[in-house]
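Each chain, written out:
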Amino acid sequence: MQLKAIVTTFSVFLGCAQAEVIEIQQVGLTYVPNEVTVAPGDTLRFFHNGGNHSVTSGFKCTPSAVNGLFFDEPLTSSNPVVDIEIPLDFEGDLGFLCDIGQHCAFGMDGVAHVVAQGNIVEIQQVNLSFVPNEVTVAPGDTLRFFHNGGNHSVTSGFDCVPSPVNGLFFDE
């Protein structure tokens, strides 16, 4: 699919993919859900519901860094919410567990399957043009527009006529 953009008023960023917050509850000696699929940039948000626990990176009840990412945060009444943001360059499985006592051995562990959402295609606004002014994208790709001066917008359409393209309309 090829898209051409029209210049009219200003936009810094337009992306098809947006970071999500995935909520995970601590219920007794489990995380619910204990298996999720997420994208780089998403946040895992853990909620405390009783007892003293932790949110720690690792697999098979062994705390450790996972692909260079390490975290070990208390999940307690004094720290009832823990946010773990997935780095933009992370891909693969991210294990998490509770390293308090035998909690992990009793089933308090889980995994986030981190799956990339596609390519990021960067487009510069140069005077009254976009460079490049024509790109090919695939489902899941993100178009990122960079403003370099003046008042402009990014609007879907062809031949300077704003309109939906394959059902997608934007005017940012």
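Below, the structure is looked at part by part. Note that the coordinates shown come from a computational prediction; the quantities given were computed from them, not determined experimentally.

Calculation rules
- Residues numbered from 1 in each chain as written.
- Predicted model: local features only at pLDDT ≥ 70, side-chain atom pairs only at ≥ 80, totals over all residues.
- Heavy atoms only, no water.
- Helix = DSSP H or I, 4+ residues; strand = E, 2+ residues; numbered from the N terminus.
- Pairing = 2+ DSSP bridges.
- Axes fitted to C-alpha atoms, helices over the stretch in contact; angles between N-to-C directions.
- Buried < 20%, exposed > 50% of the residue type's maximum accessible area, 1.4 Å probe, protein only.
- Core = buried A, V, L, I, M, F, W, Y, C linked by side-chain atoms within 4.5 Å.
- Contact = heavy atoms within 4.5 Å.
- Salt bridge = Lys/Arg side-chain N within 4 Å of Asp/Glu carboxyl O.
- Disulfide = S-S within 2.5 Å.

Here we look at unusual backbone geometry
So, step 1. Here Val 32 and Pro 33 are connected by a cis peptide whose omega angle stands at -5°.
So, step 2. As for its position among the elements, Pro 33 is in the loop between β3 (30–32) and β4 (35–38).
So, step 3. Cis geometry marks the peptide bond from Val 131 to Pro 132; its omega dihedral reads -5°.
So, step 4. Position of Pro 132 among the secondary structure elements: in the loop between β13 (129–131) and β14 (135–136).
So, step 5. The phi angle at Asn 127 is positive, at roughly 55°, despite the residue not being glycine.
So, step 6. Relative to the assigned elements, Asn 127 resides in the loop between β12 (120–126) and β13.
So, step 7. Of note, the phi angle at Cys 160 is positive, near 65°, even though the residue is not glycine.

What to know about the sheet that holds strand β5 (residues 43–47)
So, step 1. Strand order in the open sheet made by the four strands is β3-β2-β5-β9, with mixed pairing throughout. Two strands lie at the open edges of the sheet, namely β3 and β9 (81–85), each paired on one side alone. Sheet twist, expressed as the mean angle between neighbouring strand axes with direction ignored, is 25°.
So, step 2. As paired strands, strand β2 (residues 21–27) and β5 are joined by five bridges and run parallel to one another. Paired with Glu 23 across the bridge in β5 is Arg 45.

Side note on the pairing of strand β6 (residues 53–59)
So, step 1. Within β6, six of the seven residues are buried, leaving the element largely enclosed by the surrounding structure.
So, step 2. With four bridges connecting them, β6 and strand β8 (residues 72–75) associate as antiparallel partners. Note that in β8 the partner of Val 55 across the bridge is Glu 73.
So, step 3. Relative to strand β10 (residues 92–97), β6 runs antiparallel, the two sharing two bridges. Note on β10: the bridge partner recorded for Thr 56 is Leu 97.
So, step 4. Of the strand pairs in this sheet, β6 and strand β7 (residues 62–63) are connected by two bridges, and their pairing is antiparallel. Across the sheet, the residue bridging to Gly 58 is Pro 63, located in β7.

Thoughts on the nonpolar core
So, step 1. The biggest cluster of nonpolar side chains holds 22 residues, and the ones touching the most others in it are Tyr 31, Val 38, Leu 44, Phe 46, Val 55 and Leu 94.
So, step 2. Elements supplying a minimum of two residues to this core: β2, β4, β5, β9, β10 and β11 (109–114).
So, step 3. Every residue in contact with Leu 94, bar those within four places of it in the chain, is listed here: Leu 44, Phe 59, Val 66, Leu 69, Phe 71, Ile 86, Gly 110, Val 111, Ala 112 and Val 114.
So, step 4. Counting nine residues, the second largest nonpolar core, distinct from the first, contains Val 135, Val 137, Val 154 and Phe 170.

Comments concerning the pattern of salt bridges
So, step 1. Evaluated as defined, the whole model comprises one salt bridge.
So, step 2. Here Asp 83 makes a salt bridge to Arg 45, at a shortest N to O gap of 2.7 Å. Of this pair, Asp 83 sits in strand β9 while Arg 45 sits in strand β5, and the two are 38 residues apart along the sequence.
So, step 3. Taking the relative accessible area as the measure of exposure, Arg 45 reaches 25% and is therefore partly exposed.

Describing the environment of Phe 90
So, step 1. Relative to the helices and strands, Phe 90 is located in the loop between β9 and β10.
So, step 2. Looking at Phe 90, the relative accessible area reads 5%, which means it is buried.
So, step 3. For the pair Phe 90 and Gly 41, spaced 49 residues apart in sequence, the C-alpha separation works out to 8.6 Å.

Remarks on the state of the cysteines
So, step 1. Here the structure, examined in full by the defined rule, presents one disulfide.
So, step 2. Linked covalently through their sulfurs, Cys 61 and Cys 104 form a disulfide whose S-S length is 2.2 Å. Disulfide Cys 61-Cys 104: torsion about the S-S bond near -90°, hence left-handed. With a gap of 43 residues between them, Cys 61 in the loop between β6 and β7 and Cys 104 in the loop between β10 and β11 connect regions that are remote in the sequence.
So, step 3. For Cys 104, a relative accessible area of 7% translates into the label buried.
So, step 4. The thiol of Cys 98 is not disulfide-bonded; the next cysteine sulfur, from Cys 104, is found 7.9 Å away.
So, step 5. A relative accessible area of 1% means that Cys 98 is categorised as buried.

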